[in-house]
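As a plain string of letters, each chain reads:
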Amino acid sequence: MLAGPHSVGTAGYRVAASVEPWRVFECRGPQLVADAWHTIELRVRPGSFEYRLAGSRVVRAAAAGSMEAGVRLAVAGGTRAEVRRCRLRAAAGAAPEGGESLVCAAELFAHQGRAVPDGQARGARAVEFRGAGPDHWLTGGQDVSLPTAGPWAAVFGLRGLTGSGHLWVEVARASGERLAAAALRLEELPAKGYERVRVPFRCEAGEALQFRVSADPGRFRVDEVAIENSAAPPGGEAADPAAWRPRRARALADAWGKAEGADAGIAILRLERRLAEGGWYEFRIVWDQRVEPRAEDVAVDLWVACRDPWGIVRVFDLGVAADAVSSGVHQTTGWLDPAVLPRYGSPGALFAQIYRKGAPVAAAARKWGIPVDDVYIVRAPRAGALRAAPGVTE
């Protein structure tokens, strides 16, 4: 459903139901009053949806199909509109499901940037910012209320343009109190396309939240912030926790390139890096086990490559193993101590490999701006171990 001012005169609203064959419902009133806040409500139910203004129903339309598409509020050209608060909640008598999501285009935020067309952004538009330091928030005022305490995840769409330094994204209460945050490097953001940075958080049901961005001097773009229910990691349902134990990771040079995909039921979904409080770097591999209800003898190796100011690359590693792993999505996490950064440099690459019964079955790698070919990273000497993920028994 699209709701917006009529394009001609002061005729009020035009509400279009985007169900083929296309139908348009005209409403000559009520009209919007300029410089005033208005409550717009879209109610979606099986077989129908309706549009309300200030609590009064304007139009109701029948709809066939699964109603799986999203709802977008579009503003016609030449019209300026601000959004103060968005609420996502289950209708009365309906139990909330695990797939709730709310997507806020960056243009809807109160921001200190400029809206620009961008063919690589979702919606083909983004907001371009110039960083002014960690205490100068460039977005704010987009209050969102969620129906449950979570867990949720805010996914920021970010693209780097110029400059270097840190960029911070944060989920905060309307009062400014921080709930969750993440930091990354401006120069490591993609210049083409957008990186989706996830910030997991929990909140009180119904409380107002805001989503903020700040950065060191440099230019970057934000296309949207998606708020997703993260009760299960994307890619499948969460798996039962396994009893992991530490093991010595294999040497990267000996292990890399050996995975042949013989066990198609185990796959790596994504690799993540996050700069946490105190300068700690968190590295996470999210992977899926679909071989059988419980796969026996599974192990995971992580390797993180750092490059010092003299261009020398060294590798830190982590190895864990479990006697049996249930079907579903799993996460393996390692932490890099900030005390090693002055000597070895910032981490710039992550390699991961999964084994079943001693044989490598899945592998993946990701680099964050390290200007070194993979062949030199693979041959780099070992510098030490990553800290084990929480839950790994000694």
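Because the structure is a prediction, the values reported are computed rather than measured.

A.B. asks: Looking at this structure, I do not really get the overall build of the chain. What am I missing?
C.D. replies: The secondary structure content of the chain amounts to three helices and 27 strands. Put simply, of all contacts in the chain between residues at least 6 apart along the chain, 71% involve residues at least 24 apart. Accessible surface computed for the chain: about 19900 Å², of which carbon and sulfur atoms make up 50%.

A.B. asks: Please clarify how the packing of aromatic side chains should be interpreted in this entry.
C.D. replies: In this structure the tally under the stated criterion is seven aromatic pairs. Ring geometry for Phe201 against Phe211: centres 6.3 Å apart, planes inclined by 65 degrees, an arrangement best described as edge-to-face. In this pair, Phe201 sits in strand S17 (residues 195-201) while Phe211 sits in strand S18 (residues 208-215), placing the two residues ten residues apart along the sequence. With respect to burial, Phe201 and Phe211 carry one shared label: buried. Ring centres 5.3 Å apart and planes at 85 degrees place the aromatic pair Phe316 and Tyr344 in the edge-to-face group. Residue Phe316 is located in strand S23 (residues 313-336), and its partner Tyr344 is located in helix H2 (residues 341-344); the two are separated by 28 residues in the primary sequence.

A.B. asks: So what exactly am I meant to see when it comes to the side chain of Asp301 here?
C.D. replies: Among the structural elements, Asp301 can be located in strand S22 (residues 281-307). Reaching out from Asp301, the side chain makes a polar contact with the side chain of Arg247 at a distance of 2.3 Å. A polar atom in the side chain of Asp301 sits 3.3 Å from the backbone nitrogen of Arg250. Not counting residues within four places of it along the chain, the set of residues in contact with Asp301 comprises Arg247, Ala249, Arg250, Leu318, Gly319, Phe351, Ala352, Gln353 and Tyr355.

A.B. asks: Help me understand the pattern of salt bridges, please; the structure alone is not making it clear to me.
C.D. replies: Any two side chains of opposite charge can pair, so long as their charged atoms come close to each other. Applying the stated criterion across every chain yields a total of 25 salt bridges. Measuring nitrogen to oxygen at the nearest pair gives 2.1 Å for the salt bridge that ties Glu188 to Arg273. You can see Glu188 sitting in the loop between strand S16 (178-185) and S17 and its partner Arg273 sitting in strand S21 (residues 266-275), a full 85 residues away along the chain. Judged on exposure class, the residue Glu188 and its partner Arg273 are both buried.

A.B. asks: How should the nonpolar core be read in this particular structure?
C.D. replies: The nonpolar side chains of a soluble globular protein tend to be buried, and buried together. If you look at the biggest cluster of nonpolar residues, it comprises 35 residues, and the most contacted ones within it are Phe156, Leu158, Leu167, Val169, Phe201, Phe211 and Phe220. Taken together, the elements giving at least two residues each to this core come down to strand S8 (101-105), strand S11 (125-130), strand S14 (152-163), strand S15 (166-173), S16, S17, S18 and strand S19 (218-229). Discounting residues that sit within four places of it in the chain, Leu158 has contacts with Leu167, Val169, Leu184, Leu189, Pro190, Gly193, Tyr194, Glu195, Val197, Arg221 and Val222. Core analysis: the second largest hydrophobic core is formed by 32 residues, Ile285, Val304, Leu318 and Leu350 among them.

A.B. asks: So what exactly am I meant to see when it comes to the pairing of strand S24 (residues 347-356) here?
C.D. replies: In summary, the side chains of a regular strand alternate between the two faces of the sheet. Taking burial as the measure, the ten residues of S24 include ten buried ones, the bulk of the element. Two elements, S22 and S24, share nine bridges in a ladder whose sense is antiparallel. By the bridge assignment, Leu302 is partnered in S24 with Ala352. Summarising the sheet, S24 and strand S25 (residues 359-367) pair through eight bridges and their orientation is antiparallel.

A.B. asks: Honestly, unusual backbone geometry in this entry has me stumped. Any pointers?
C.D. replies: Negative phi characterises most residues that are not glycine, and trans characterises most peptide bonds. Even without glycine at this site, Asp297 takes up a positive phi of about 55 degrees. By the secondary structure assignment, Asp297 is in strand S22.

A.B. asks: It is not clear to me how the confidence of the model for the chain should be interpreted in this structure. Could you clarify?
C.D. replies: Detail in the predicted coordinates should be disregarded across regions flagged by low pLDDT. Of the residues in the chain, 75% have a pLDDT of 70 or more, and the chain-wide mean is 77. The model gives residues 1-13 a pLDDT under 50, and that stretch makes 45 contacts with residues more than four places away or in other chains.

A.B. asks: Before we go on, may I ask you to explain the environment of Leu88 in this structure?
C.D. replies: Tracing the sequence through the fold places Leu88 in the loop between strand S7 (85-87) and S8. Residue classification places Leu88 among the partly exposed residues on the basis of a relative accessible area of 21%. Measuring from C-alpha to C-alpha, the distance between Leu88 and Leu146 comes to 5.5 Å, with 58 residues separating the pair along the chain.

A.B. asks: Sorry, what's going on with the environment of Ser56 here?
C.D. replies: Inspection of the secondary structure assignment puts Ser56 in strand S6 (residues 56-62). Relative accessible area serves as the criterion here: at 45%, Ser56 is assigned to the partly exposed category. Considered as a pair, Ser56 and Thr39 are 17 residues apart in the sequence and their alpha carbons are 9.9 Å apart.

The rules behind each value
- Residues numbered from 1 in each chain as written.
- Predicted model: local features only at pLDDT ≥ 70, side-chain atom pairs only at ≥ 80, totals over all residues.
- Heavy atoms only, no water.
- Helix = DSSP H or I, 4+ residues; strand = E, 2+ residues; numbered from the N terminus.
- Contact = heavy atoms within 4.5 Å.
- Areas by Shrake-Rupley, 256 points an atom, 1.4 Å probe, with all protein chains shown as cover.
- Phe/Tyr/Trp six-rings, centres within 6.5 Å; stacked < 30°, edge-to-face > 60°.
- Buried < 20%, exposed > 50% of the residue type's maximum accessible area, 1.4 Å probe, protein only.
- Polar contact = N/O pair within 3.5 Å; in protein donor to acceptor, adjacent residues only side chain to side chain.
- Salt bridge = Lys/Arg side-chain N within 4 Å of Asp/Glu carboxyl O.
- Core = buried A, V, L, I, M, F, W, Y, C linked by side-chain atoms within 4.5 Å.
- Pairing = 2+ DSSP bridges.
- pLDDT = per-residue confidence, 0-100.

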